[in-house]
Amino acid sequence: MIFAIAIDGPSGAGKSSMAKALSKILGCIYVDTGAIYRTVALAVRRAEADPRDAEAVERLLPKIDISIEYNPQLGQRMMLCGEDVSALIRTTEISKYASDVSAIPAVRAFLLELQRGLARKSSVIMDGRDIGTVVLPDAQVKIFLTAAPEERARRRQRENEEKGIPSTYEDILANIIYRDKQDTERAAAPLKPAEDAVRVDTTALSFDESVAALLDVVRAKLGALPAGEGSGE
Ligand code: DC
């Protein structure tokens, strides 16, 4: 049986680390849709276009050649015109550009079928902002993952330190607050929980406690856990 698990929530709530952990346990693909928006953002940045100028961005779309590859070791790789840009899309500047371009309806329409196609081919855990509401409204499991902004900024700062990406807590918090506001208030597919989503707040939960909480939700919705559980992978 093919299944789809949608995880939505604000930036830094732990969606990607939770989705990665669950995808290993459940033996399915993890689709990071934020990375797809970030790749459009990088293309807009490279074209030196204003990410808030909807018409300029829309004119660029036909020239943006995005594809996704799945590498057994590295997971999802984002390709822009054949170049692997997976590392280049992780800067704070591109985060802001991504939030800007993702508010443009033509960008969302451009990426919709790409995302749906992935879920038709195999079981997925897909994270983003509008997966349960727009992209996969029929997903069997919908989770709205959240945490306090200060805690999200602390986690992102730790992550950046581990990856050697220079950043300050203050800049990250400001970026998170900017994106929360813009992602929630935009007219096109705003960030909001689907009516049938289960809300999980991880502010006070450790990584393992958060994974356990999400597995409880998956179990309650899918019945027995799909193959892959306990494989130790
Ligand atoms: O999850 P992320 O931080 O990598 O996402 C980058 C930006 O893309 C974020 O500000 C909101 C946007 N986004 C979106 O609008 N819809 C999605 N499904 C995923 C991300």
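A short tour of the structure in this document, coming up.

Cut-off values and rules
- Residues numbered from 1 in each chain as written.
- Predicted model: local features only at pLDDT ≥ 70, side-chain atom pairs only at ≥ 80, totals over all residues.
- Heavy atoms only, no water.
- Helix = DSSP H or I, 4+ residues; strand = E, 2+ residues; numbered from the N terminus.
- Buried < 20%, exposed > 50% of the residue type's maximum accessible area, 1.4 Å probe, protein only.
- Contact = heavy atoms within 4.5 Å.
- Polar contact = N/O pair within 3.5 Å; in protein donor to acceptor, adjacent residues only side chain to side chain.
- Core = buried A, V, L, I, M, F, W, Y, C linked by side-chain atoms within 4.5 Å.
- Pairing = 2+ DSSP bridges.
- Axes fitted to C-alpha atoms, helices over the stretch in contact; angles between N-to-C directions.
- Expected span 1.5 Å × (residues − 1).

Overview of the environment of Y70
Item 1. Secondary-structure assignment places Y70 in strand β3 (residues 66-71).
Item 2. Of the residues examined, Y70 reaches a relative accessible area of 33% and is grouped as partly exposed.
Item 3. Expressed as a C-alpha distance, the spacing of Y70 and I29, which sit 41 residues apart in the sequence, is 8.5 Å.
Item 4. Those residues in contact with Y70 that lie beyond four places of it in its chain are I29, Y30, V31, G75, Q76 and L118.
Item 5. A polar contact is formed between the side chain of Y70 and the side chain of Q76, at a distance of 3.1 Å.

Some words on the nonpolar core
Item 1. Of all hydrophobic cores here, the largest spans 38 residues; its most connected members are V40, V44, I64, M78, V107, M126 and L136.
Item 2. No other element matches the eight residues that helix α2 (residues 33-46) contributes to this core.
Item 3. Setting aside residues up to four positions removed in sequence, M126 forms contacts with I5, A6, I7, V31, T33, Q115, L118, A119, I131, V135 and L136.

Here's the deal with the sheet that holds strand β1 (residues 4-8)
Item 1. Ordered in space as β2-β6-β1-β7-β8, the five strands form an open sheet in which the pairing is parallel. Edge positions in the sheet fall to β2 (29-32) and β8 (198-201), since each of these pairs with one other strand and no more. Averaged over all pairs of adjacent strands, the angle between strand axes in this sheet comes to 20°, irrespective of strand direction.
Item 2. Direction of pairing for β1 relative to strand β7 (residues 141-146): parallel, over a ladder of four bridges. Each bridged residue has a counterpart across the sheet, and for I7 the counterpart in β7 is I143.
Item 3. Packing against the sheet, helix α1 (residues 15-26) makes contact with β1, β2, β6 (124-128) and β7, and its axis sits at approximately 175° to β6.
Item 4. Running over the sheet, α2 touches β2 and β6 and is turned about 40° from β2.

What about helix α8 (residues 169-185)?
Item 1. Taking 1.5 Å per residue as the helical rise, α8 with its 17 residues ought to reach 24 Å, and the 24 Å between its terminal C-alpha atoms agrees with that figure.
Item 2. Buried residues of α8: I172, L173, N175, I176, R179, D180, Q182 and D183, and no others.
Item 3. On its buried side, α8 packs onto α2, α4 (92-101) and α7 (149-163).

As for the side chain of D183
Item 1. Along the chain, D183 turns up in helix α8.
Item 2. D183 gets classed as buried once you look at its relative accessible area, which sits at 3%.
Item 3. A distance of 3.0 Å separates polar atoms of two side chains, one belonging to D183 and the other to S99.
Item 4. Beyond its immediate sequence surroundings of up to four residues, D183 is in contact with S99, S102, R129, P190 and L191.

Some remarks on the environment of R158
Item 1. Here R158 shows up in helix α7.
Item 2. Each C-alpha atom of the pair R158 and Y169 lies 9.3 Å from the other, and the pair is 11 residues apart in sequence.

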